[in-house]
Amino acid sequence: MNKIIGLVNFHSSPEVAPLTDNRPLGSTSFLARFGLCDFALSNLCNSGIATIGLLVKDHQRSILKHIGSMDSWLSNTKTGQEIVMYNEGAHLHPESNTDINNIRENDWVLYDSSIDYIVIVPAHIVMNIDLRPFIKEHIEHEENITVVTAKIRNLSTQFLHAPVLEVDEDGYAIDMKQNSGLEKKAGLCSLGVYIINRTCLASMIHEVLPMNPYMPFLDLVMSAVKANKYRLKTVVYDGFYRCIDTFPHYVEYSLGMLEKKNADALFRKDWPIYTLTHDTPPTLYGPQANINNSYIANGAVIEGTVINSIIARNVVIGKGAVVKNSIIFSSSHIGEEARVENAVIDKYAIITRGHTVSGSKASPFYAHQGAML
């Protein structure tokens, strides 16, 4: 695996307002402990890929704060490395801030002769995928580009705006279109995982990109495929995955992990998910605390009732307060006798004593970072 580089693509993540107002989706909190990008980083690490690049689109501060020294995801601490890759020129020309131009700005990826294959993974899809079988198949069959896909039952409710592929009888893509969410039918969707030969990507950038210097990686690939320059092989992954593409989906999929079958499917003993650790004390539970079916992170102080919820680090739940079907981000304070239901409370927010905030399952309430309600 020393001739392979993994790239975590933050560019391909959708904007999910209001979560992404202050951060990219990839560094957004998940289950009170992880960032969404931790799953991509852990999959690369567990698959034996020692060199990893992070294709950062924006909000560098949030990503750098989350990944810290980056050692948590190194499969080989002697020869491995993680590199933050950023397109500085995009400050002057935002339309050029694409994943492909990010790679071009960091052109050592293309022209380092020790790299044979590039594995690109998304930062916003939660899954525990072993990449090694797909990489092995790609190499043995001498493919140019391989995309890992999933068979989606209903395109109107899942993988919104993701690429939907049409394939021939041999499994090669002949067309790729964005999922509009308007059709209630099954489809083959890209999981955002691509295995591509380094020389192939360099050639596509040289031959195809001049037609439109602002096209992203997906458009570049399909332009090359439709021009019959390269073939795109599809393979199917049938494990656990959740695509975070809307705010309601973020809430639904997060709280869905409170079900044991989902948690067991994602968190396997043979496939650890790594994250940056924090030196925080254990959770403190008051004498009247009442907890039912919830994730509670270290450093929290719980003196009220928490039901079917996710409570992050350093959160305070006051006496008599009730938190139900909600996600509370780190360092927020829920005052005494307050009630929070079907809501997401972002970092450093304060729900004052006796105050009630509530939404619905279809339309969760959101309190922005630092809000006082």
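Residues numbered from 1 in each chain as written. Predicted model: local features only at pLDDT ≥ 70, side-chain atom pairs only at ≥ 80, totals over all residues. Heavy atoms only, no water.

Asker: So what's going on with helix α7 (residues 217-226)? Residues and values would help.
Answerer: In an α-helix, one full turn covers 3.6 residues, which means residues spaced three or four apart are oriented alike. If you check which residues of α7 are buried, you get Phe217, Leu220, Val221, Met222, Ala224 and Val225. The first or second residue beyond α7 is asparagine 228, which carries a positive phi of 60°. (Buried < 20%, exposed > 50% of the residue type's maximum accessible area, 1.4 Å probe, protein only. Helix = DSSP H or I, 4+ residues; strand = E, 2+ residues; numbered from the N terminus.)

Asker: Please give an account of the layout of surface pockets that cites residues and values.
Answerer: Over the atoms, a rolled probe matching the size of one water molecule traces out where space is still vacant. Reported here for the largest pocket is a volume of approximately 710 Å³. What lines the largest pocket is a set of 34 residues, among which Ser12, His161, Pro163, Gln178 and Leu218 lie closest to the centre. If you list the elements that add at least two residues to the lining of the largest pocket, you get β6 (117-122), β10 (173-178), β11 (187-197) and α7. Considering every element that reaches the lining of the largest pocket, the biggest residue donor is α7, with five residues. Its residues assigned to classes, the lining of the largest pocket comprises 16 nonpolar, eleven polar and seven charged. Considered as a void within the structure, the second largest pocket measures approximately 610 Å³ in volume. Lining the second largest pocket are 25 residues, with Glu252, Tyr253, Leu255, Gly256 and Glu259 sitting closest to its centre. Of all elements in the fold, only β13 (241-243) and α8 (247-256) reach the threshold of two or more residues within the lining of the second largest pocket. Ranked by the residues each element gives to the lining of the second largest pocket, the list is headed by α8, at six residues. The residue makeup of the lining of the second largest pocket, split by class, is twelve nonpolar, eight polar and five charged. (1 Å grid on protein atoms, 1.4 Å probe; cavity = no way out; pocket = protein on both sides within 12 Å on 5 of 7 lines; lining within 4 Å. Points joined across faces, edges and corners; volume = space filled by probe spheres on them. Nonpolar A, V, L, I, M, F, W, Y, C, P; charged D, E, K, R; others polar.)

Asker: Which residues make up the nonpolar core, and what values do they have?
Answerer: If you look at the biggest cluster of nonpolar residues, it comprises 50 residues, and the most contacted ones within it are Phe30, Ile311, Ile317, Ile334, Val340 and Ile345. Counting residues per element, the ones that place at least two in this core are α8, α9 (260-266), β19 (310-311), β22 (327-328), β25 (343-345) and β28 (365-367). Residue contacts for isoleucine 345: discarding those within four places in its chain leaves Ile327, Ile328, Phe329, Ser332, Val340, Ile351, Val357 and Ala367. Of all hydrophobic cores here, the second largest spans 39 residues; its members include Ala40, Leu54, Leu131 and Val164. (Core = buried A, V, L, I, M, F, W, Y, C linked by side-chain atoms within 4.5 Å. Contact = heavy atoms within 4.5 Å.)

Asker: For empty space enclosed by the protein, give the residues involved together with the corresponding values.
Answerer: In the structure shown here, the tally under the stated rule is one cavity of 30 Å³ or more. Empty space within the largest cavity amounts to approximately 30 Å³. Lining the largest cavity, in full, are Ala40, Asn43, Val121, Pro122, Ile125, Met127 and Ile129. When residues of the lining of the largest cavity are traced back to their parent elements, those giving at least two are α1 (37-46), β6 and β7 (125-127).

Asker: Before we move on, can you summarise the sheet that holds β22 with the specific residues and values?
Answerer: Here we have five strands laid out as an open sheet, ordered β16-β19-β22-β25-β28, and parallel in their pairing. Here the strands that pair on one side only, and so sit at the sheet edges, are β16 (295-296) and β28. In this structure, β16 lies alongside β19, joined through two bridges in parallel fashion. Bridge pairing in β19 links tyrosine 295 to isoleucine 310. (Pairing = 2+ DSSP bridges.)

Asker: I'd like to hear about helix α5 (residues 132-140), residue by residue, with values.
Answerer: When we look at burial in α5, the residues that qualify are Phe134, Ile135 and His138. Here the buried residues of α5 occupy an arc of 100° about the axis, which is enough to place them on one side. Away from its buried face by more than 90 degrees, α5 exposes Lys136 and Glu140. Contacts from the buried residues of α5 go to β1 (4-9), β6, β8 (145-152), β11 and β12 (232-236). Count one or two residues on from α5 and you reach glutamate 142, which has phi positive near 55°. (Arc of directions from axis to C-beta.)

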